[in-house]
Amino acid sequence: MANLTPAQRSTLTNAQKQLEAALARIRQLQNISTNYFKEGNQLLDRAKQALDKLYKTYELAARNQKVILTRARVHSSSSRFSHFLTTLSFVLGYPGNLGWVATMSMGFDSLGQAFQTASVPKALALNPSPASKSISSVELGNLFSHPNVFQALKEADSGKALLAMAEDLLMLAHVEMRFSTLYASLNQIYIQINQLLDGRLNGAVSADSVIAAASRSSGLGKQIDVLARELEKPKKLLEALNKAAKACALKNQQTGVREMERWIWVVWIANLKLGAWSGPGFAPTTINKRNADALDVDLIENQLKRLNIIGPNSLLKVDFGAWTTNEDENDAVRAAFRLAYPGKPLPLVGRR
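Remember, predicted model here, so these are calculated numbers, not experimental data. (Residues numbered from 1 in each chain as written. Predicted model: local features only at pLDDT ≥ 70, side-chain atom pairs only at ≥ 80, totals over all residues. Heavy atoms only, no water.)

Visitor: What exactly am I supposed to notice about the overall build of the protein here?
Guide: A tally of regular secondary structure across the protein gives 12 helices and zero strands. Mapped in sequence order, the helices and strands of the protein form the string α-α-α-α-α-α-α-α-α-α-α-α. A burial count over the protein gives 48% of its 352 residues as buried. Carbon and sulfur atoms make up 53% of the accessible area of the protein, which amounts to about 17500 Å² in all. (Helix = DSSP H or I, 4+ residues; strand = E, 2+ residues; numbered from the N terminus. Buried < 20%, exposed > 50% of the residue type's maximum accessible area, 1.4 Å probe, protein only. Areas by Shrake-Rupley, 256 points an atom, 1.4 Å probe, with all protein chains shown as cover.)

Visitor: Where do I start with unusual backbone geometry in this structure?
Guide: Negative phi characterises most residues that are not glycine, and trans characterises most peptide bonds. Residues other than glycine seldom take positive phi values, yet Asn308 does so here, at roughly 60°. Residue position: Asn308 is located in the loop between α11 (298-306) and α12 (326-340). Overall, Asn308 belongs to the partly exposed group, its relative accessible area being 29%. Despite not being glycine, Lys317 shows a phi value in the positive range, around 55°. By secondary structure assignment, the location of Lys317 is in the loop between α11 and α12.

Visitor: Can you help me understand helix α8 (residues 220-230) in this one?
Guide: Quick reminder: α-helices carry 3.6 residues per turn. Residues three or four places apart thus point the same way. Taken together, the buried positions of α8 are occupied by Leu220, Ile224, Leu227, Ala228 and Glu230. Along the axis of α8, the buried residues cluster in a sector spanning 155°; they form a single face. In α8, the exposed residues that point more than 90 degrees away from the buried face are Lys222 and Arg229. (Arc of directions from axis to C-beta.)

Visitor: How should the pattern of salt bridges be read in this particular structure?
Guide: Pairing between side chains becomes possible if they bear opposite charge and their charged atoms approach one another. This model, assessed by the stated rule, comprises eight salt bridges. For the salt bridge of Asp198 with Arg200, the shortest nitrogen-to-oxygen distance reads 3.2 Å. What makes Asp198 partly exposed here is its relative accessible area of 47%. In this structure Arg200 comes out as partly exposed when scored by relative accessible area, which is 48%. The closest approach of N and O atoms between Glu232 and Lys235, which form a salt bridge, is 3.0 Å. According to the relative accessible area criterion, Lys235 is partly exposed, its value standing at 39%. One salt-bridge network, in which partners are shared between bridges, spans Glu327, Asp331 and Arg334. (Salt bridge = Lys/Arg side-chain N within 4 Å of Asp/Glu carboxyl O.)

Visitor: Is there a simple way to think about α11 in this case?
Guide: Where α11 is concerned, the buried positions are Ile300, Glu301, Gln303 and Leu304. Angular distribution of buried residues about the axis of α11 spans 160°; they occupy a single face of the element. Positive backbone phi, approximately 60°, marks Asn308, located one or two places after α11.

Visitor: I tried to follow the packing of aromatic side chains on my own but got confused; where do I start?
Guide: By convention here, two paired aromatic rings are described through the distance between centres and the angle between planes. In this structure the tally under the stated criterion is three aromatic pairs. Judged by centre distance (5.8 Å) and plane angle (25°), the rings of Phe144 and Phe150 are stacked. When its relative accessible area of 8% is taken as the criterion, Phe144 is described as buried. Between the aromatic rings of Trp265 and Trp268, the centroid separation amounts to 5.1 Å while the plane-to-plane angle is 80°, which identifies the pairing as edge-to-face. Of this pair, Trp265 and Trp268 both sit in helix α10 (residues 257-270), separated by three residues, roughly a single helical turn. Directly above the ring of Tyr183 sits Arg27, whose terminal nitrogen or CZ lies 4.0 Å from the centroid. (Phe/Tyr/Trp six-rings, centres within 6.5 Å; stacked < 30°, edge-to-face > 60°. Lys NZ or Arg CZ within 6 Å of the ring centre and 35° of its normal.)

Visitor: Would you mind going over the packing of α10 against α12 with me for this structure?
Guide: Helix-helix packing is characterised by the crossing angle of the two axes and by the distance between the axes. Two elements in contact, α10 and α12, have axes whose closest approach is 7 Å; the angle formed by their N-to-C orientations is 120°. Read as a crossing pair, α10 and α12 show a hand that is left-handed. Contact residues: Trp263, Val266, Ile269 and Ala270 in α10; Ala332, Val333, Ala336, Phe337, Leu339 and Ala340 in α12. Here the contact of α10 with α12 is built from residues that sort into 10 nonpolar, no polar and no charged. (Axes fitted to C-alpha atoms, helices over the stretch in contact; angles between N-to-C directions. Left-handed = near helix turned anticlockwise from the far one by under 90°. Contact = heavy atoms within 4.5 Å. Nonpolar A, V, L, I, M, F, W, Y, C, P; charged D, E, K, R; others polar.)

Below, the structure is given as structure tokens:
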């Protein structure tokens, strides 16, 4: 049995009381963080399920567009549009993954303010033990069942906000684990203090080290109060995730195959190249990489009209009329570009 001075015994007794209170408080905070994570994970799952359904809608709509482009390519081989064979061969591969990204970017931007809520500050990392663990892209990506959905979120400004929420949610899981580590560490000190006071301390542990640890427990309550205040922040995260989940679900409900196909065509048109004829007459020998004339292929133009993408009071507010000119096509490309890439400089018209 260690011979303790009255001062040492007093230090140990005070530390014992503080640790009892601290351990109870930490366990409470750990339970709170666990519940926050469970609720947040459920909300994120709702958002992810809606996004997965949106992607399936996208795949169906993209298939419809591919059918039209394939037919247009075959038709062009025996018509005055034969020079579009190369052009449509290139365009046929679009939208692909990039199309999904751009399409979903527009979809996310139309969700309104739901995704604009600031995510939880990075100070959420409580860091009660060593330096905060950062969330890797792989760890974040593993949250999503389809890589294209994850890619779209990374590219869209509003999607990035949802990823920030998901990252904070993963950080909250690390916080819960750090609470466990902190609890185990303090509980070990608490046990050793009790053993020292009762004269049962393991011979491998020195009394001086236990007394030193007990001395460091002074002010532990204030430190835990700081952690408790930090743990108020996930409330904002849950509010943001709830809005995001509702917005994703609403977007999924409002976006059928027809609406999705409209957006896919808009992205497709926005990525056509402007330009001008490089040779004389109606059928020049070279086109200088221009492919906006693909809009004058009947199968494509008729589909755009059926979807009300072009025509009177259409989505692009461009009407080709009875005769389609280069400027009509350029106007359609510019209008689609404004919708697909708002705020970016419009493509220039010229021989390129």
